[in-house]
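Spelled out from the first residue to the last, the chains are:
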Amino acid sequence: MRVIACTLFILGLLWDGLTAEDSISSLREAAVAWEGELPCGQWNCVCAFQRHRGCCCAATELQEVEDQIFTRMMDLLARMSQLGASIVEVIGGMRIGFTASVSSRTNCIGPFTRNSPIPYDVVTLNHGHGYNPALGIFTAPRSGVYSFSFSIYSKVGGKGERMYYKVQLMRNREVVASTWEDNREDSEDSSSQTVLLSLQQGGQVYVELLGGRQLCGITEGLNTFSGSLIYSTQA
């Protein structure tokens with residue numbers, strides 16, 4: 001039976017004196033006029049000659065599979081979109097984070113007559129624009145739980161000189177962490193602290209140097225202050 005169908009198809013294509021359109025028309029007429037048993041009971045001649053989709057014994061089943069795949073893909077896309085919306089909702093739709101350090105152009109910080117924020121003026125990251133390098137203060141753009149870190153380095157000029165500093169991490173003028181040194185034995189010293197803090201929108205965090213103390217031998221990248229939003233608590 002397939003040999004007969006192929007023969008009709010070849011004869012239609014090679015029909016002498018007919019254009020391609022006449023060949024297709026002839027083939028269609030021959031197929032419609034065929035009275036024998038077809039190799040596929042679901043053959044659709046109209047579909048075969050007028051549609052772009054291929055028509056065969058499994059055409060209906062293939063269409064159903066294609067529709068199922070499309071439905072699943074659209075469902076997956078919708079779920080991914082919902083997941084993205086949930087993530088944005090959790091973090092408040094904002095990326096908040098900063099990193100700053102003291103410029104090496106500054107040899108010493110202090111001594112000041114009173115406690116003063118350390119001016120971390122070299123800003124390498126400031127997503128959300130919460131950190132103000134002119135003041136050395138971070139102001140929370142939104143309520144949430146934040147992580148803050150600071151590192152301190154100091155070096156005295158000669159043997160026997162006094163290393164004398166105390167640095168405090170402040171939240172709204174309250175001390176939450178500190179580090180200090182007071183001796184004549186070490187020529188240099190370093191330390192660091194990391195804390196998690198809950199802040200309301202507008203809350204401020206900064207690192208301050210106590211009055212009468214100083215940090216010297218500043219090397220860029222060793223005196224740093226950084227923070228980032230862990231998750232938002234703002235409704």
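The preceding data block contains the structure.
Residues numbered from 1 in each chain as written. Predicted model: local features only at pLDDT ≥ 70, side-chain atom pairs only at ≥ 80, totals over all residues. Heavy atoms only, no water.

**Some thoughts on the overall build of the chain**
Line of reasoning, step 1. Counting its regular elements, the chain contains four helices and 13 strands.
Line of reasoning, step 2. Across the 235 residues of the chain, 29% fall into the buried class.
Line of reasoning, step 3. Partitioning the contacts of the chain with sequence separation of at least 6, the portion at a separation of at least 24 is 71%.
Line of reasoning, step 4. Carbon and sulfur atoms form 54% of the exposed surface of the chain, whose accessible area is close to 15200 Å². (Helix = DSSP H or I, 4+ residues; strand = E, 2+ residues; numbered from the N terminus. Buried < 20%, exposed > 50% of the residue type's maximum accessible area, 1.4 Å probe, protein only. Contact = heavy atoms within 4.5 Å. Areas by Shrake-Rupley, 256 points an atom, 1.4 Å probe, with all protein chains shown as cover.)

**Re the state of the cysteines**
Line of reasoning, step 1. Under the counting rule described, the total for this entry stands at one disulfide.
Line of reasoning, step 2. Disulfide pairing places Cys108 opposite Cys216 at an S-S distance of 2.0 Å. With the S-S bond torsion at 120°, the cross-link from Cys108 to Cys216 turns out right-handed. Taken together, the residues span a long stretch of sequence, with Cys108 in strand β2 (residues 108-109) and Cys216 in strand β12 (residues 215-216) at a distance of 108 residues. (Disulfide = S-S within 2.5 Å.)

**A few points about the sheet that holds strand β4 (residues 122-127)**
Neighbouring strands of a sheet are bound in pairs by backbone hydrogen bonds; such pairs are parallel or else antiparallel.
Line of reasoning, step 1. Reading across from one edge, β4-β1-β13-β7-β10 is the order of the five strands in this open sheet, with antiparallel pairing throughout. In this open sheet, the two edge strands, each paired with only one partner strand, are β4 and β10 (188-199). The mean angle between the axes of side-by-side strands here comes to 10°, regardless of whether they run parallel or antiparallel. (Pairing = 2+ DSSP bridges. Axes fitted to C-alpha atoms, helices over the stretch in contact; angles between N-to-C directions.)

**As for the pairing of strand β9 (residues 174-183)**
Line of reasoning, step 1. Where strand β8 (residues 163-171) and β9 come together, nine bridges link them in antiparallel fashion. Residue pairing in the sheet places Arg171 in a bridge with Glu174 of β9.
Line of reasoning, step 2. From the end of β8 to the start of β9, which pair antiparallel, there are two residues, and Asn172 there has a positive phi angle of about 50°.

**Some words on the nonpolar core**
Line of reasoning, step 1. Ile118, Phe148 and Phe225 are the most contacted members of the largest nonpolar core, which totals 30 residues.
Line of reasoning, step 2. Where this core is concerned, the elements lending two or more residues are β1 (97-101), β7 (144-155), β8, β10, β11 (204-209) and β13 (224-232).
Line of reasoning, step 3. With residues near it in sequence (within four places) discarded, Ile118 still touches Val102, Ile109, Gly136, Ile152, Val167, Val207, Glu208, Leu209 and Leu215. (Core = buried A, V, L, I, M, F, W, Y, C linked by side-chain atoms within 4.5 Å.)

**What to know about the pattern of salt bridges**
Line of reasoning, step 1. Considering all chains together, one arrives at one salt bridge under this definition.
Line of reasoning, step 2. Linking Asp75 and Arg79 is a salt bridge whose minimum nitrogen-to-oxygen distance equals 3.2 Å. Placement of both Asp75 and Arg79 in helix α4 (residues 59-90) is noted, with a separation of four residues, approximately one turn of the helix. (Salt bridge = Lys/Arg side-chain N within 4 Å of Asp/Glu carboxyl O.)

**Examining the side chain of Gln168**
Line of reasoning, step 1. Among the structural elements, Gln168 can be located in strand β8.
Line of reasoning, step 2. Overall, Gln168 belongs to the buried group, its relative accessible area being 9%.
Line of reasoning, step 3. Excluding its chain neighbours within four sequence positions, the residues that come into contact with Gln168 are Asn115, Val175, Ala177, Ser178, Tyr206, Val207, Glu208 and Leu210.

**Let's talk about the packing of aromatic side chains**
Line of reasoning, step 1. Scanning the model with the defined rule gives ten aromatic pairs in all.
Line of reasoning, step 2. Where Phe98 meets Tyr131, the ring centres are 5.0 Å apart and the plane angle is 0°; that geometry is what we call stacked. Taken together, the residues Phe98 in strand β1 and Tyr131 in strand β5 (residues 131-132) connect sequence positions 33 residues apart. Across the pair, exposure class does not vary: Phe98 and Tyr131 are buried alike.
Line of reasoning, step 3. Judged by centre distance (5.0 Å) and plane angle (75°), the ring pair of Phe98 and Phe225 falls under edge-to-face. Pair noted here: Phe98 is in strand β1 and Phe225 is in strand β13, with a separation of 127 residues, a long-range link.
Line of reasoning, step 4. Looking at Phe225, the relative accessible area reads 0%, which means it is buried.
Line of reasoning, step 5. Every member of this aromatic cluster is reached through a ring pair, and the members are Phe98, Tyr120, Tyr131, Phe138, Tyr146, Phe148 and Phe225.
Line of reasoning, step 6. A cation over a ring is seen here: Lys166 above Trp180, with NZ or CZ 5.5 Å from the ring centre. (Phe/Tyr/Trp six-rings, centres within 6.5 Å; stacked < 30°, edge-to-face > 60°. Lys NZ or Arg CZ within 6 Å of the ring centre and 35° of its normal.)

**A few points about the side chain of Asp189**
Line of reasoning, step 1. Among the structural elements, Asp189 can be located in strand β10.
Line of reasoning, step 2. Summary of buried charges: Asp189 has no salt-bridge partner, and the nearest side chain of opposite charge, Arg213, is 12 Å away.
Line of reasoning, step 3. Aside from chain neighbours lying at most four places away, what touches Asp189 is Ile152, Tyr153, Ser154, Met163, Tyr165 and Glu181. (Lys, Arg positive; Asp, Glu negative; His and termini not counted.)

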